[in-house]
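Descriptive analysis of the structure
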Amino acid sequence: MSPQPQAAVGAPLSRVDGRLKVTGTADYAADHAPKGVAHAVIVDSSVGRGRITALDTRAALAQPGVLKVISHLNAPKLPYLDNPGGYFNPQGQKLRAFQDDQVHFRGQPVAVVVATTLEVAQHAADLVKIDYDTQQGSTAMADAPSVELMNYARGDAEAALRSAPVHSDLSYSAARTHHNAMELHAAVAQWNGNQLTIWDKTQWVQGAVAELATVFGIAAESVRVLSPFVGGAFGNSLRVWPHTVIAALAAREVKRPVKLVLTRKQLYTNVGYRPRYEHRVRLGSDRRGRLTAMAHELKAETSRYEMYAEAILDLGQMLYATPNVSQSYKAAALDVNTPTPMRGPGYSSAAYAVECALDELAHELGIDPIELRLRNEPNEDPAHNLPFSTRRLRDALRTGAREFGWHRRNPKPRSTRDGDWLIGTGMAVGCYPTHRQPAQARVRLHADGTALVQSATSDMGPGTYTSMTQVAADALGLTMRQVTFQLGDSAMPAAPPQGGSITMASVGSAVQASCDTLRQQAIKLAVEDEQSPLYGADPDAVVVRSGRLSVNGDPGRGETYRQLLTRNKRPHLELIGGWSPPTGPDRFSMYAYSAIFAEVAVDARLGLVRVRRMLGVYDTGRIISPKLADSQALGGMVGGIGMALLEHGEYDNRDGRLVNANLADYLVPVNADIPEVRAIYIDGEDREADPLGVKGLGEVVLVGVAPAVANAVFHATGRRVRDLPITAESLL
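Remember, it's a predicted structure, so these values are computed and weren't measured experimentally.

**Topic: the nonpolar core**
Generally speaking, a soluble globular protein has its nonpolar side chains buried in company with each other. Leu-315, Val-600, Met-614, Tyr-618, Leu-645 and Val-709 are the most contacted members of the largest nonpolar core, which totals 93 residues. Residues within four places of Leu-315 in sequence aside, it is in contact with Tyr-347, Ala-350, Ala-351, Val-354, Cys-431 and Val-703.

**Quick look at the pattern of salt bridges**
This model, assessed by the stated rule, comprises 38 salt bridges. In this structure, the salt-bridge partner of Asp-418 is Arg-612, at a minimum N-O distance of 2.9 Å. On the criterion of sequence distance, the pair formed by Asp-418 in strand E18 (residues 417-418) and Arg-612 in strand E28 (residues 609-619) is long-range, its members being 194 residues apart. The partner of Arg-567 in a salt bridge is Glu-559, with the nearest N and O atoms 2.8 Å apart. Because the salt bridges share partners, they merge into one network encompassing Glu-158, Asp-169, Arg-280, Arg-282 and Glu-297.

**Things to note about helix H13 (residues 503-527)**
Compared with the 36 Å implied by 1.5 Å per residue over 25 residues, the 35 Å span of H13 between its first and last C-alpha is a close match. Across the 25 residues that make up H13, a large majority, 19, are buried.

**Section: helix H5 (residues 205-216)**
Over its 12 residues, H5 extends 17 Å from the first C-alpha to the last, a length consistent with the 16 Å expected when each residue adds 1.5 Å. The buried fraction of H5 is high, at 10 of 12 residues. The inward-facing, buried residues of H5 contact strand E10 (186-192), strand E11 (195-200), strand E12 (223-226) and helix H6 (242-254). Just past H5, the residue Gly-217 takes up positive phi, approximately 65°.

**Some details on the pairing of strand E14 (residues 277-285)**
For E14, the tally of buried residues reaches seven of nine residues, placing the bulk of the element in the interior. For strand E9 (residues 166-174) and E14, the ladder comprises nine bridges, and the chain directions are antiparallel. In the strand pairing of E14, Ala-174 is matched with Tyr-277. As paired strands, E14 and strand E15 (residues 291-303) are joined by nine bridges and run antiparallel to one another. Each bridged residue has a counterpart across the sheet, and for Tyr-277 the counterpart in E15 is Ala-300. Hairpin connection of E14 to E15: five residues between the antiparallel strands, including Gly-289 at a positive phi of 90°.

**Describing the packing of helix H12 (residues 464-476) against H13**
It is at 8 Å that the axes of H12 and H13 come closest, and there the two elements cross at 30°. In terms of orientation, H12 lies roughly parallel with respect to H13. Considering only the axes of H12 and H13, their crossing is right-handed. Contacts between H12 and H13 involve Thr-464, Ser-467, Met-468, Val-471, Ala-472, Ala-475 and Leu-476 from the first element and Thr-503, Met-504, Val-507, Gly-508, Val-511, Gln-512, Cys-515, Asp-516, Leu-518 and Arg-519 from the second.

**Considering unusual backbone geometry**
A cis amide bond links Leu-724 with the next residue in sequence, Pro-725, at an omega value of 0°. A positive phi angle, close to 60°, is found at Phe-98, a residue other than glycine. Checked against the element boundaries, Phe-98 lands in the loop between strand E4 (91-92) and strand E5 (102-103). For Phe-98, a relative accessible area of 3% translates into the label buried. Here Ser-546, not a glycine, exhibits a phi torsion of approximately 50°, which is positive. For Ser-546, the location among the structural elements is in the loop between strand E23 (542-545) and strand E24 (548-551).

**Examining the sheet that holds strand E2 (residues 50-56)**
The antiparallel open sheet is built from three strands, whose spatial order is E5-E2-E7. Strand pairing shows two members of the sheet lacking a second neighbour, E5 and strand E7 (129-134), which therefore form its edges. Bridging between E2 and E7 involves six bridges; their strand directions are antiparallel. Each residue of the ladder has a partner; that of Arg-51, found in E7, is Asp-133.

**Considerations on the packing of aromatic side chains**
Under the criterion given, the structure shown has 11 aromatic pairs. Centroid distance Phe-105 to Tyr-305: 6.0 Å. Interplanar angle 20°. Geometry classified as stacked. In this pair, Phe-105 sits in the loop between E5 and strand E6 (109-115) while Tyr-305 sits in the loop between E15 and strand E16 (306-307), placing the two residues 200 residues apart along the sequence. The exposure class assigned to Tyr-305 is buried, which follows from its relative accessible area of 9%. When the centroid spacing of 5.7 Å and the interplanar angle of 35° are considered together, the rings of Phe-404 and Phe-597 count as tilted. Taken together, the residues Phe-404 in helix H11 (residues 393-404) and Phe-597 in strand E27 (residues 591-603) connect sequence positions 193 residues apart. For the pair shown, Phe-404 and Phe-597 are each scored as buried.

**Structural notes on the environment of Tyr-465**
Here Tyr-465 lies in helix H12. C-alpha of Tyr-465 to C-alpha of Phe-388: the two residues are 77 residues apart in sequence and 31 Å apart in space. Among all residues touching Tyr-465, those that are not within four sequence positions of it are Val-16, Asp-17, Pro-228, Phe-229, Asp-459, Phe-485, Gln-486 and Leu-487. At 2.7 Å, the side chain of Tyr-465 and the backbone oxygen of Pro-228 are in polar contact.

**A few points about the environment of Pro-462**
Looking at where Pro-462 falls in the secondary structure, it is placed in the loop between strand E21 (451-454) and H12. Sequence separation between Pro-462 and Val-103 is 359 residues; the distance between their C-alpha atoms is 37 Å. The contacts of Pro-462, once residues within four sequence positions are left out, are Arg-15, Gln-498, Leu-628 and Gln-632.

**Details of the packing of helix H15 (residues 626-645) against helix H16 (residues 705-717)**
Packed helices, taken two at a time, are described by the angle their axes make and the gap between the axes. With their axes 8 Å apart at the nearest point, H15 and H16 run at an angle of 55° to one another. The angle between H15 and H16 places the two elements in the oblique class. At the point where H15 passes H16, the crossing takes the right-handed sense. Judged by residue contacts, Gly-636, Met-637, Gly-640, Ile-641, Met-643, Ala-644 and Leu-645 of H15 engage Val-705, Ala-706 and Val-709 from H16. Within the contact of H15 with H16, the residues separate by chemical class into eight nonpolar, two polar and no charged.

**Concerning the side chain of Gln-317**
As for its placement among the helices and strands, Gln-317 is situated in helix H8 (residues 314-318). Among residues more than four places away in sequence, those in contact with Gln-317 are Tyr-152, Arg-154, Gln-327, Pro-382 and Ala-383.

**Thoughts on empty space enclosed by the protein**
Tallied over the entire structure, the rule returns five cavities of 30 Å³ or more. Size it by volume and the largest cavity reaches roughly 190 Å³. Around the largest cavity, the lining comprises 21 residues; the ones closest to its centre are Leu-95, Arg-239, Val-240, Trp-241 and Pro-242. Elements that contribute at least two residues to the lining of the largest cavity include exactly H5, H6 and helix H7 (267-270). Residue classes in the lining of the largest cavity are distributed as 12 nonpolar, four polar and five charged. Size it by volume and the second largest cavity reaches roughly 70 Å³. Taken together, Leu-283, Leu-291, Met-294, Leu-315, Gly-316, Leu-319, Tyr-320, Thr-322, Val-354 and Leu-358 make up the full set of residues lining the second largest cavity.

Definitions and cut-offs
- Throughout, residues of each chain are indexed from 1 in the direction in which the sequence is written.
- Local features in this predicted model are restricted to residues of pLDDT 70 or higher, and side-chain atom pairs are both shown and tallied only at a pLDDT of 80 or more, whereas totals for entire chains, interfaces and linings draw on every residue.
- Water and hydrogen atoms play no part in the side-chain values, which are based on all heavy atoms of the structure.
- Side-chain atoms within 4.5 Å link the members of a nonpolar core, which is a set of buried Ala, Val, Leu, Ile, Met, Phe, Trp, Tyr and Cys residues.
- Under the scheme applied here, a residue whose accessible area is under 20% of the maximum for its type counts as buried, over 50% as exposed, and between as partly exposed, the area being computed with a 1.4 Å probe on protein chains only.
- Working rule for contacts: check all heavy atoms of both residues, and any pair within 4.5 Å makes them a contact.
- One speaks of a salt bridge when a side-chain nitrogen belonging to Lys or Arg is within 4 Å of a carboxyl oxygen belonging to Asp or Glu.
- Secondary structure counts use DSSP, requiring at least four H or I residues in a row for a helix and at least two E residues in a row for a strand, with both numbered from the N terminus.
- Multiplying 1.5 Å by the helix residue count minus one yields the expected span of that helix.
- When DSSP finds two or more bridges between two strands, those strands count as paired.
- Working convention: axes come from line fits to C-alpha atoms, limited for helices to the stretch in contact. Angles between N-to-C directions cover 0 to 180 degrees.
- Between 65 and 115 degrees an angle is taken as roughly perpendicular, under 35 as roughly parallel, over 145 as roughly antiparallel, and anywhere else as oblique.
- By definition, any crossing whose near helix is turned counterclockwise from its far helix by less than a right angle is left-handed, and any crossing with a clockwise turn is right-handed.
- A pair of aromatic rings is counted whenever rings of Phe, Tyr or Trp (Trp by its six-membered ring) have centres within 6.5 Å, and the orientation is called stacked for planes under 30 degrees apart, edge-to-face for over 60 and tilted otherwise.
- Think of a polar contact as two N or O atoms within 3.5 Å of one another; within protein, one of them needs to be a possible hydrogen donor and the other a possible acceptor, and neighboring residues in sequence only count if both atoms come from side chains.
- Residues are grouped as follows: Ala, Val, Leu, Ile, Met, Phe, Trp, Tyr, Cys and Pro are nonpolar; Asp, Glu, Lys and Arg are charged; every other residue, Gly included, is polar.
- Using a grid of 1 Å spacing that covers the protein atoms alone, one calls a set of points a cavity when a 1.4 Å probe fits there but cannot get out, and a pocket when the set is open and has protein on both sides within 12 Å along at least five of seven lines; lining residues are those with an atom within 4 Å of a point.
- Grid points are joined across faces, edges and corners, and a volume is the space filled by probe spheres set on the points.

Here it is, written out as structure tokens:
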């Protein structure tokens, strides 16, 4: 078969939805306002643990415009089961919306006021009086008992550590961090009899359908979830949080549509976050830097009512050729809301501890940090004894060293100054698995030569509209302007959640497969049509460019889609196709890789840290859209700077209050914090992973950034800070 020309894939194209976003005409969840919509405001618990003993709603209900106040006293009992299934599925007792009088954490929804206007609902919510039987809660990991989640071992790490010529025993910690996406979480719910339609901020419309159907005891076919635009999520929209259930419950109770928008403050307690981690890392090596052993013990916070865990052990098992490894993963059950995946979940947290420990080992041995990593590159995945589908981390390290000017680095800490500023450079590597799941796409080729492609995926910011349009345009042989891609509707063909860097490999492969099949159907129609210039041609020799079918090597012989379908009286050609990864045992270990380089300046007198420049080099397979890839990579580096230097959730352990639940006190990077940032992509494809040859980019771009910054701070100052974020106080 002649290869289909590739005009869109790989081209640095602008976002197809860019104009909608910059002009404010893209519709996000809270923008929807069905006729007669009421407004709901959640009343949060003001204690960290206990039970509600009295709830007085009389003053609230007396306000003109208040329709109802719903709490555990009058809410209907919902039939839902714990953990009905889905992409994100922590173990334990799900937080039930108004189903009992128990308070599990400060900020928990304990009532909701529904009114004709938002202002009335806000005022009435302040008038709800609640009494509690308060218990002493725990929000400090040191005070909470540990629950063992999982362990891993190969070889005999303890014996290898005892016999290692060089060994270290190091402790690290990283504060909890919050997603703080631009768009507030919101849900607009509307019932029509037993049919529920809900506009929600979600990364998985069909997962939300399954959850809501279970919660309300109705058929999945009776629920439709719409989410055409998501203003950032980074993982905290991968599950249905209580506010979405509350919006649907309130709409059913007041018998009119209801809009519920969380405040910025409520985002810190009503949806999840990256949990705090505490690490102990012990490394053993020979004098030449060959790793012989690693022991990694870690503890993370979780809620008392749900047990959250993520894949934090995997990176330490496979990133380096370490023959003896032991790992233990424990959770501290606290009176807090449940954590959730945050960009690079597990891997970014693990990389911080592992990559800083490796940097400390390099310093002790007097070996260049890059050389130390190269000496410990595995030939195959040591955790699973599988060959890597592709692994170009060596190329990424060498390319990064050359482009960053690593050879100019004086290895001695605190040796380089620029006036009052101490200058340091550091690096780290990261990885993230190549996830794939079955996906479907509907494609319709219209008689006017345009095409519509649909899949129930999401676009929380990576540019799914654009990248899928690029794939579809090339597969159909159309221009970008001739293709419309639609998403974010649970009624569309099935797609996995947008998380874990899964979308391009899964949905992209489904779009390509579906469009390829439809193009071949059109070619078959042409070569069997006696009135077509292509009649009798070899179908495998026909290609399509800009909507015109022609014989490869004989461009004069052909016709357009429009001519073909019009002559055959076909208003359109349509099909639903899909793609699934191979079943059976894994044949390859599949990961994307990052090599991060950072230069920092530290004020010698004040301890202030400023990142001066950063370079990320990525082995992520085929790049579908260079512009979108840069957006992901640069955004990931910015997020990593926040993790390293700024972001942390701070509790008052006396009453369970998160004291900096706002963007004035919870610091995130702003333009002034962002230096010269640059991304490079190592050429290559991973055809073992998927037909597109992609490996996923959105998660791995954050992995390794925080340790690269931390290692650079040590090189600048000679002082090793092992707790994130690195603050001025920790350097004075």
